[in-house]
Amino acid sequence: MAAVVIVGAQWGDEGKGKIVDYYTEHADLVVRYGGGPNAGHTLVVDGVKLIVRLIPSGVLRAKTTCVLAQGMVIDPTGLVVELDELGRRGHLRSGSLVISDRAHAILPYHVLLDGLREQGKGALGTTKRGVGPCYEDKVARRGITLGAFRDFTKLRERVAAALDSWNPSIVALGGTAPSVDEVLETVKPAADRIVPMLADTGALVERAVRQGKKVLFEGAQGTLLDIDHGTYPYVTSSHPTAGGACTGTGVGPSRIDTVVGLVKAYCTRVGGGPFPTELSDATGERLRKVGDEFGSVTGRPRRTGWLDLVALRYAVRVNGLDGLAVTKLDVLTGLDELLVCTAYETAAGPVDVFSMDDLTGVVPRYQRFAGWKEDLTGARTLEDLPKAARDYVAFISSATECPIFLVSVGSGREDTIVLRHPFEP
């Protein structure tokens with residue numbers, strides 16, 4: 001298998017950082033196809049934690065080339081900070097990172113506007129990183145690509161035009177827009193670092209796939225946050241679903257061999273929006289504490305709840321998932337009983353189909369499972385797991401009609417049970 005897409009099958013934070021890092025041992029290229037610094041991947045290697053927000057998790061592999069594709073929106077200053085940190089830790093080598101010249105730049109006025117919007121009525125719970133306003137500029141056809149950084153004379157004209165469009169909104173929200181000079185002075189040092197890394201990444205990635213190289217497409221956030229397929233309007237501004245790998249990179253759908261969906265053994269969500277299985281009790285707090293459920297970008301506590309199979313079946317369908325990678329199974333250790341949502345009770349009766357337009361007020365219908373007390377972190381095969389844990393994983397597979405490819409039982413690379421590797425026949 002040459003081309004593999006990894007997607008989050010819930011509301012994000014499913015542990016993509018670790019799983020992508022694990023799979024990239026066999027990958028020639030790792031391609032990030034959407035989103036921006038609103039996504040954070042936490043990696044733990046040899047007991048050392050590293051958080052990356054823009055650069056793919058594959059940066060930790062010495063032989064892997066990382067690509068930031070044109071579907072992304074990139075904060076140039078934030079990218080340089082990340083480059084410097086990776087360089088200090090010895091994880092960055094010359095030529096190991098290629099950036100699309102068609103990716104759009106998040107500029108200071110995007111961040112300002114995002115923050116102002118989140119202070120008032122109707123706040124969506126964004127990360128305030130400027131991602132939404134940047135995508136708005138892209139769709140409005142006034143966006144600024146990183147390729148524009150090659151010519152600051154033309155860049156000045158485009159920044160001035162964008163500021164003219166945004167200034168009334170910024171003023172109406174109580175802010176003061178930066179000047180063109182202030183914007184250019186902020187991005188100039190970053191531009192000098194980034195421009196030498198720019199390339200036509202669409203051609204680069206497609207050529208690699210055609211040559212039979214192993215390419216891993218790394219999604220950010222999760223299926224239920226997709227702008228078209230998520231719980232609108234409480235969604236992100238891009239396409240975290242598998243289809244986004246094609247539109248965000250320029251590689252045709254016929255080139256994709258396998259799609260793997262990551263699912264946490266329970267559910268979490270950050271920000272506003274419906275969450276049918278949310279727990280606002282001691283069990284929910286326990287999941288948050290044991291699972292370290294705090295945003296890697298914002299530090300905000302995540303909302304927690306039981307696994308929702310209605311939503312997961314939906315993710316299997318819209319992504320065309322070939323397999324599931326179950327993460328954080330170890331977090332459930334110590335609970336006497338586990339609940340899994342298999343349907344919703346609604347005013348019209350029970351339903352087992354996920355409907356974004358009718359989630360408010362639904363009541364989860366649960367199936368109960370025995371918990372387990374044994375420590376899972378030493379497990380390397382399914383047989384190493386206690387029977388209750390094996391039964392739980394087997395039920396997820398049978399209820400979604402999707403095979404299990406991997407089970408994660410800890411934060412380290414080694415804490416992994418592999419049933420099928422997507423890069424192997």
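Residues numbered from 1 in each chain as written. Predicted model: local features only at pLDDT ≥ 70, side-chain atom pairs only at ≥ 80, totals over all residues. Heavy atoms only, no water.

(A) Just the sheet that holds strand β15 (residues 323-327), in detail. Across the sheet, which stays open at both edges, the 10 strands sit in the order β9-β7-β5-β2-β10-β1-β11-β15-β19-β20 with mixed pairing between neighbours. The open sheet has two edge strands with one neighbour each: β9 (198-199) and β20 (416-418). Strand direction decides the pairing type here: strand β11 (residues 258-264) and β15, joined by 5 bridges, are parallel. Of the residues in β15, the one forming a bridge with V260 is G323. The strands touched by helix α7 (residues 201-210) are β1 (3-8), β2 (29-32), β5 (65-68), β7 (97-100), β9 and β10 (215-218); relative to β10, the strand with the most contacts, the crossing angle is about 135°. (Pairing = 2+ DSSP bridges. Helix = DSSP H or I, 4+ residues; strand = E, 2+ residues; numbered from the N terminus. Contact = heavy atoms within 4.5 Å. Axes fitted to C-alpha atoms, helices over the stretch in contact; angles between N-to-C directions.)

(B) The state of the cysteines, seen in detail. Using the criterion set out here, one finds 0 disulfides in the structure. For the unlinked cysteine C246, the closest cysteine sulfur is that of C402, found at 18 Å. Note on C246: relative accessible area 15%, which makes it buried. Sulfur of C341: no disulfide; nearest cysteine sulfur belongs to C267 and is 8.7 Å away. (Disulfide = S-S within 2.5 Å. Buried < 20%, exposed > 50% of the residue type's maximum accessible area, 1.4 Å probe, protein only.)

(C) View of the environment of G271. When you line up the elements, G271 lands in the loop between β12 (267-269) and α9 (282-290). Overall, G271 belongs to the partly exposed group, its relative accessible area being 22%.

(D) Structural context of the pairing of β1. Burial analysis of β1 places 6 of its 6 residues in the buried class, which makes it a mostly covered element. Relative to β10, β1 runs parallel, the two being bridged by 4 bridges. From the neighbouring strand, V5 faces β10, where its bridge partner is F217. Across 5 bridges, the pairing between β1 and β11 is parallel. In the sheet register, V5 faces β11, and the bridge partner there is V259.

Purely spatial values, then, with no claim about function.
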